[in-house]
Amino acid sequence: MKIVTPDYYPQFHCIASACPDTCCAGWEVVVDPEAEKRYRSLEGALGGRLRASMGEDEGDCIFTPGEDGRCPFLNQQNLCDIQAALGEEGLCRTCHLYPRFLNDFGGTREMGLSLSCPEAARIILTAPSLPGYRTEDHPELPPDLNDLDAGRYFAVKGARDRILSILSAGGIDEAVALSLRLARKAGKQIRKGHPEKAEGLAASFDRESALEKEKGRAEGTSPLSAETVIGELLGLLILRDSWRARLEKAALPEAKIPPLDPEYERKVLVQLAFRYLLKAAYDGRLHARMKFIAFSLLALRVLGRGMDHESLLTLTVNYSREVEHCEENMEALLRRFDKGGKYGGRAFAAQLLQK
Ligand code: SF4
């Protein structure tokens, strides 16, 4: 198997009790079957605690969080009792992997770090430049067996890689509008069963002429508004009351949502594009996924207005925790973005390209 990682990937080390937050509160931890088996047969006091703490949610074995939302194995020093007793190898797959994510595409595995971890977010967002990507051969890992269609995979990969290059240079608003355009056009060909046409579109994408066309499409369309963006977030599942309070007190600009630091914005966009767009090789939702990225940019702009770099970092972590890390929320958003109307490509373009 080939493993692709951003070049900052090896820098991550959990800072444990020095973490300003913790990944062991507010989320249910899903315990994989192998770890569940080990935990159920573990002797001694820890074995008893493990068995008493394992519950079930929709068929998954989970650690049931305490009333304060903390994992039952997170101690007062914000350290993990399982890791202290059994070492890192004793953790279940969820805890062992986090905050790393992995996406498998047959013989290729893409891995990265998640913005929901403060230390990972610091590494990603304070890097001196945008990431490069390394590919390493791991012949000891067998390819992931799945029903991935090779033609569709290469078409989506071509579009995703072109979008990464579009987002890496030039004005941010134009780059996002252009990426939405390419995702829409390539996604349409992929869904119609013409991956070769989608590959051609990505290869021959011309920034200047595409921008003119996108400006034309945006004319006369109501821009996607800050009110819509924040209203959407308020309608999702909310993990923490502090997040709800932040959304409720957000100041909502009536016209153009003002941009933030372009370096910060570009890093967020590239991170989300790397992580999410290639998944369209499975479900064909390239345009909806690109709309999620554009939506995230607009949400962070509204919520991050006037913030210094440190506060923006915390905001990004919280956004990621609340939105990205909740499967129900991601699916709800993608379903919205599959449709046009207030989340049509024109509405995004009208918001992004207005003066
Ligand atoms: S959020 Fe990140 S740094 Fe903090 S405890 Fe979890 S893995 Fe470690």
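None of these values were measured; they are calculated from a predicted model. (Residues numbered from 1 in each chain as written. Predicted model: local features only at pLDDT ≥ 70, side-chain atom pairs only at ≥ 80, totals over all residues.)

Participant: Quick rundown of the overall build of the protein? Include the residues and the values.
Facilitator: Across its full length, the protein holds 17 helices and seven strands. A compact globule built from 355 residues would reach a C-alpha radius of gyration of about 20 Å, and the protein, at 21 Å, matches this within 12%. Projected onto the principal axes, the alpha-carbon positions of the protein cover approximately 70 × 50 × 40 Å. Considering the protein as a whole, with its 355 residues, one finds that 37% of them fall into the buried category. Long-range contacts, defined here as pairs at least 24 residues apart, represent 75% of the contacts in the protein between residues at least 6 apart. (Helix = DSSP H or I, 4+ residues; strand = E, 2+ residues; numbered from the N terminus. Rg over C-alpha atoms; globule rule 2.2 N^0.38 Å. Buried ≥ 20, exposed ≤ 12 C-beta atoms within 10 Å, placed from the backbone. Contact = placed C-beta atoms within 7 Å.)

Participant: Can you lay out the pairing of strand 6 (residues 108-113) for me, pointing to particular residues and giving the numbers?
Facilitator: As defined by bridge partners, strand 1 (residues 2-6) adjoins strand 6 across three bridges and the pair is classed as parallel. Considered in strand 6, the bridge of Val4 is made with Glu110. Here strand 5 (residues 100-105) folds back onto strand 6 in antiparallel fashion, the turn holding two residues, of which Gly106 has a positive phi close to 60°. (Pairing = 2+ DSSP bridges.)

Participant: Tell me about the site of the ligand, and please be specific about residues and values.
Facilitator: In the vicinity of the ligand, the residues found are Cys14, Ile15, Ala16, Cys19, Asp21, Thr22, Cys23, Tyr98, Pro99, Cys117, Pro118 and Glu119. Along the lines of polarity and charge, the residues of the shell around the ligand split into nine nonpolar, one polar and two charged. (Near = placed C-beta within 6 Å. Nonpolar A, V, L, I, M, F, W, Y, C, P; charged D, E, K, R; others polar.)

Participant: Would you mind going over the domain arrangement of the protein in detail, with residue names and values included?
Facilitator: As assigned here, the protein comprises domain 1 (24-96) and domain 2 (150-353). Centre-to-centre, using C-alpha coordinates, domain 1 lies 35 Å away from domain 2. (Domains from an automatic or database assignment.)

Participant: Provide a residue-level description of the sheet that holds strand 2 (residues 29-31), including the pertinent values.
Facilitator: Taken in spatial order, the three strands make up an open sheet running 2-4-3, and their pairing is antiparallel. A single partner strand is all that each edge strand has here, and the edge strands are strand 2 and strand 3 (54-57). Averaged over all adjacent pairs, the angle separating strand axes in this sheet is 50°, with direction ignored. Relative to strand 4 (residues 60-63), strand 2 is paired through three bridges, and the arrangement is antiparallel. Bridge pairing in strand 4 places Val30 opposite Ile62. Contacts between helix 1 (residues 33-40) and the sheet are confined to strand 2, strand 3 and strand 4, with strand 2 contributing the most and set at about 80° to the helix. (Axes fitted to C-alpha atoms, helices over the stretch in contact; angles between N-to-C directions.)

Participant: An account of the nonpolar core is requested, with residue identities and associated values reported.
Facilitator: Among the nonpolar cores identified, the biggest contains 89 residues, and Ala159, Ala186 and Ala273 are the most heavily contacted of them. Both domains that meet at this core, namely domain 1 (24-96) and domain 2 (150-353), each give it at least three residues. Residues contacting Ala159, with those up to four places away along its chain left out, are Leu182, Ala183, Ala186, Ala198, Ala202 and Leu286. (Core = buried A, V, L, I, M, F, W, Y, C linked by C-beta atoms within 7 Å.)

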